[in-house]
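Notes for the structure review
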Amino acid sequence: MSALLTSRNVADLLGGVTNGVIYSLVALSLVLVWRSTRILNFAQGAMAMIATYIGFAILAPSTNYWISMAVAIVAGMVLGGATERVIVRALYGKPEINPVVAMVGFLLVLESVAAAIWSTSSRGLPTPFSMVDWQLNHKPVAMSPFALYEIITAVVVMSIIAVLFEYTKLGLQLRAAAIAPEVSRLLGVRVGRMLTLGWMLSSGVGAITAVLVASNYFTGLTPTTMDGVFAFGFIAAAIGGLDSPVGALVSGVAMGVVLQFVGDYLNSNAIILVALGMLVVSLMLRPNGLFSAERQRRV
Amino acid sequence: MIRVDGVSVAYGAVQALRDVSLEAATGAITAVLGANGAGKTTLLRTISGLATPRSGTVSMDEVVLTGKRTEDIVRVGVGHVPEGRGVIAEFTVEENLRLGAMIAPGPLGEALAQQYEWFPVLGERRKQAAATLSGGERQMLAMARALIAGPSVLLLDEPSLGLAPLVTAQLMHTVADLCSTTGLTVILVEQNARSALRIAERAVVLYLGRVVADDEAAVVARDDQLRQYYLGMVE
């Protein structure tokens, strides 16, 4: 048993899951926005990065980790809501290229602003749990308290989102406003508010993700901290289906695991290539994504 | 009572309604008839705030509705079952109803029970996705979803569209029943003039955005000229 837990394959699996839940969170954040407003938020990672700076750089570094995280989440949600109201609202009903250009532009603006204010040098966040792997019979298990913290946080966040959407009155309205905005208005749903709230939730999830990424000792916080993670999360969302939260979860974790094995057995330089290959193949086989419920609707 | 006063609506260069005035009496069914493109749907959309008039006003019992948001007009008591029913196919029957009940004052359980009593088939299928319902069942769901909010006015846009004649007859019977038992005010837009005239007290005929007739339903039903030229009812 202990030989199994410390074996190379299990180490890859555990490491992959730990990376994968981060991709899942990024993908979930993209899905939340795509479902409600049909916009691909390319600035998602950058918005989350700004929220993390607000939580951890503006407050003195000595401040309690959890207070900083709470501040980051609130800052992320406010930024998300404001982005929907100010930038995104002007993009509804415009040609599809407009939101793409606008959000990529916003990404660049945010990264430049962050670099101007906080510089581009990496800043270490306090790490709330040890990143040293647990040992079993003096061999490492490829699972540290910090990794477990990442996984548990991801599971909690996803469960909260799932319960909110499936079992609450607010979730019913959020879903209805996304699927059928005009009908929802006829039933009294304040659709504008729901869209703003969708962006706030997405950005809240994004902020938590960025805090997890940046509190990893090896990454730290820089204006481009989220770029790599965002790319993988984006690919995961596209593979899983942009309108499917379950797809985001499954394909994020699956991608983390596959890429971990690729990095270990092949070459770490092959990781991005394989990720893009997975994207191309899945888009060829199922353009709407593996878990997308999107289909021709009957009238 | 719903009063439409001198309403004109245009979509770009297309004039959909021209100086339309009419009244829908409380507790009665007012049919709005006319061919495709006569402006019937636009009239309902204007009442519920989905379309904005260039001129004119819509009011309900002295409350001016024009200028209010759709979400607020619904809260004043106007229920609108849109063209094509607008059932959310991805939702279950009960989720559709829960969404409609969101602005209802009373407890959800009672509101649901009331609708299942009026439309028993919805109760039997409450856990099913709305996508699995037949056309008639979907129309019932759309009506129940509007009624569960407890409106005093119900706008129905072509409820008979795509339904078999027998199903249409049942549906019209249900509408008439609801109206007489609950005192609901109904504005019934129909291309199927025959079945609408059977249950309506009053009928307004639209032609290219104008009111060409506004009279008791029985009178409209007997008017050969109206029947022939505007309602396409050729014997």
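Residues numbered from 1 in each chain as written. Chains lettered and ligands numbered in written order. Predicted model: local features only at pLDDT ≥ 70, side-chain atom pairs only at ≥ 80, totals over all residues. Heavy atoms only, no water.

1. Digging into the overall build of chain B
The helix and strand tally for chain B stands at 10 helices and 10 strands. What you see for chain B is a C-alpha radius of gyration of 17 Å, in line with the 18 Å of a compact globule of 235 residues. The C-alpha extent of chain B, read off along each of the three principal axes, is 45 × 40 × 35 Å. Sequence separation of at least 24 residues holds for 67% of the intrachain contacts in chain B that already meet a minimum separation of 6. Only carbon and sulfur atoms are counted for the fraction: they give 49% of the accessible area of chain B, which is about 10100 Å². In chain B, 21 positive and 26 negative side-chain charges are present, and the distance between their average locations comes to 5 Å. (Helix = DSSP H or I, 4+ residues; strand = E, 2+ residues; numbered from the N terminus. Rg over C-alpha atoms; globule rule 2.2 N^0.38 Å. Contact = heavy atoms within 4.5 Å. Areas by Shrake-Rupley, 256 points an atom, 1.4 Å probe, with all protein chains shown as cover. Lys, Arg positive; Asp, Glu negative; His and termini not counted. Charge placed at Lys NZ, Arg CZ, Asp CG, Glu CD.)

2. Quick word on the sheet that holds strand 6 (residues 78-81) of chain B
Residue and element names in this part refer to chain B. Pairing in this open sheet of six strands is mixed, and the strands run 6-7-8-3-9-10 from one edge to the other. Two strands lie at the open edges of the sheet, namely strand 6 and strand 10 (210-216), each paired on one side alone. With direction set aside, neighbouring strand axes in the sheet form an average angle of 15°. Together, strand 6 and strand 7 (153-157) form the strand contacts of helix 6 (residues 135-147), whose direction differs from that of strand 6 by roughly 165°. (Pairing = 2+ DSSP bridges. Axes fitted to C-alpha atoms, helices over the stretch in contact; angles between N-to-C directions.)

3. So, the sheet that holds strand 4 (residues 55-60) of chain B
All names here are of chain B. Read from one edge to the other, the open sheet built from four strands follows the order 2-1-4-5, with strand pairing classed as antiparallel. Only two strands of the sheet have a single partner each, and these edge strands are strand 2 (14-24) and strand 5 (63-64). Most of the contacts of helix 1 (residues 40-47) go to strand 1 (residues 2-11), to which it runs at about 115°, and overall it touches strand 1, strand 2 and strand 4.

4. Structural notes on the interface of chain A and chain B
A common way to express how large an interface is: the accessible area buried when the components associate. Across the boundary between the two partners, chain A contributes 21 residues, which contact 24 residues of chain B. As a salt-bridge pair, A:E182 and B:R45 come within 2.7 Å of each other at their nearest N and O atoms. There are six residue pairs in polar contact (both at pLDDT 80 or more) connecting chain A and chain B. Among the elements of the structure, helix 7 (169-179) and helix 8 (181-186) of chain A are those that each provide at least two residues to the side of chain A that touches chain B. Here the element with the most residues in the side of chain A that touches chain B is helix 7 of chain A; it accounts for six residues. A breakdown of the residues in the side of chain A that touches chain B according to their chemical character gives 10 nonpolar, three polar and eight charged. (Salt bridge = Lys/Arg side-chain N within 4 Å of Asp/Glu carboxyl O. Polar contact = N/O pair within 3.5 Å; in protein donor to acceptor, adjacent residues only side chain to side chain. Nonpolar A, V, L, I, M, F, W, Y, C, P; charged D, E, K, R; others polar.)

5. Description of the pairing of strand 8 (residues 185-190) of chain B
Side-chain direction in a regular strand flips from residue to residue, so the side chains alternate between the two faces of the sheet. All names here are of chain B. Burial of strand 8 is extensive: six of the six residues sit out of reach of the surface. Alternating positions in strand 8 separate into two faces, T185, I187 and V189 on one and V186, L188 and E190 on the other, with burial throughout. For strand 7 and strand 8, the ladder comprises five bridges, and the chain directions are parallel. Residue L155 lies in a different strand from strand 8, and its bridge partner there is I187. Viewed along the sheet, the connection from strand 7 through helix 7 (residues 165-182) into strand 8 turns out right-handed. (Buried < 20%, exposed > 50% of the residue type's maximum accessible area, 1.4 Å probe, protein only. Right-handed = clockwise from strand over helix to strand, strands pointing away.)

6. Quick look at the confidence of the model for chain A
Averaged over every residue, the pLDDT of chain A is 89; the share at 70 or more is 96%. Helix 9 (residues 191-214) of chain A holds the highest mean pLDDT among the elements of chain A, 95, whereas helix 1 (residues 2-5) of chain A holds the lowest, 70. (pLDDT = per-residue confidence, 0-100.)

7. Some details on the confidence of the model for chain B
Residue and element names in this part refer to chain B. Mean pLDDT over chain B works out to 91, with 99% of the residues at or above the 70 mark. Model confidence for chain B, summarised as mean pLDDT per element, is weakest for helix 10 (residues 224-229) at 80 and strongest for strand 6 at 96. As a predicted assembly, this complex carries a pTM of 0.87 together with an ipTM value of 0.92.

8. Quick word on unusual backbone geometry
Despite not being glycine, A:R38 shows a phi value in the positive range, around 55°. Relative to the assigned elements, A:R38 resides in the loop between helix 2 (8-37) and helix 3 (44-58). Since its relative accessible area comes to 39%, A:R38 is described here as partly exposed. Positive phi, normally seen in glycine, also occurs at B:E158, with a value near 50°. Topologically, B:E158 is positioned in the loop between strand 7 and helix 7. Residue B:E158 is classed as buried on the basis of its relative accessible area of 7%.

9. Some points on helix 3 (residues 93-101) of chain B
Among the nine residues that make up helix 3 of chain B, eight are buried, leaving the element largely enclosed by the rest of the structure. Those residues of helix 3 of chain B not exposed but buried are B:V93, B:E94, B:E95, B:N96, B:L97, B:L99, B:G100 and B:A101. In this fold, the buried residues of helix 3 of chain B make contact with helix 7 of chain A together with helix 4 (108-118), helix 5 (120-124) and helix 6 of chain B.

10. Focus on the nonpolar core
Core analysis: the biggest nonpolar cluster contains 89 residues, and A:M49, A:M103, A:M255 and B:L99 have the highest contact counts within it. Per element, the largest residue contribution to this core is 12 residues, and it comes from helix 9 of chain A. Discounting chain neighbours no more than four positions away, the residues touching A:M49 are A:L110, A:E111, A:A114, A:A210, A:L221, A:T222, A:P223 and A:M226. The next biggest cluster of nonpolar side chains, apart from the first, holds 46 residues, and it includes B:A31, B:A144, B:A200 and B:V220. (Core = buried A, V, L, I, M, F, W, Y, C linked by side-chain atoms within 4.5 Å.)

11. As for the packing of aromatic side chains
Going through the model one piece at a time under the given rule, you end up with 12 aromatic pairs over all chains. On the numbers, 5.5 Å between centres and 35° between planes, the contact of A:F42 with A:F234 is tilted. In this pair, A:F42 is assigned in the loop between helix 2 and helix 3 and A:F234 in helix 10 (residues 227-240), connecting sequence segments 192 residues apart. For A:F234, a relative accessible area of 22% gives the class partly exposed. Ring-pair connections join several aromatic residues into one group, and the members of that group are A:F56, A:Y65, A:W66, A:F129, A:F146 and A:Y149. Across from the ring centre of A:Y265, 4.1 Å away, lies the NZ or CZ of A:R8, which sits over that ring. The ring of B:F91 carries the charged tip of A:R175 above its face, separated from the ring centre by 4.8 Å. (Phe/Tyr/Trp six-rings, centres within 6.5 Å; stacked < 30°, edge-to-face > 60°. Lys NZ or Arg CZ within 6 Å of the ring centre and 35° of its normal.)

12. Examining the packing of helix 2 of chain A against helix 11 (residues 245-266) of chain A
Residue and element names in this part refer to chain A. Two elements in contact, helix 2 and helix 11, have axes whose closest approach is 6 Å; the angle formed by their N-to-C orientations is 145°. Note on packing geometry: the crossing formed by helix 2 with helix 11 is right-handed. Tallied by class, residues from the contact of helix 2 with helix 11 come to 15 nonpolar, nine polar and four charged. (Left-handed = near helix turned anticlockwise from the far one by under 90°.)

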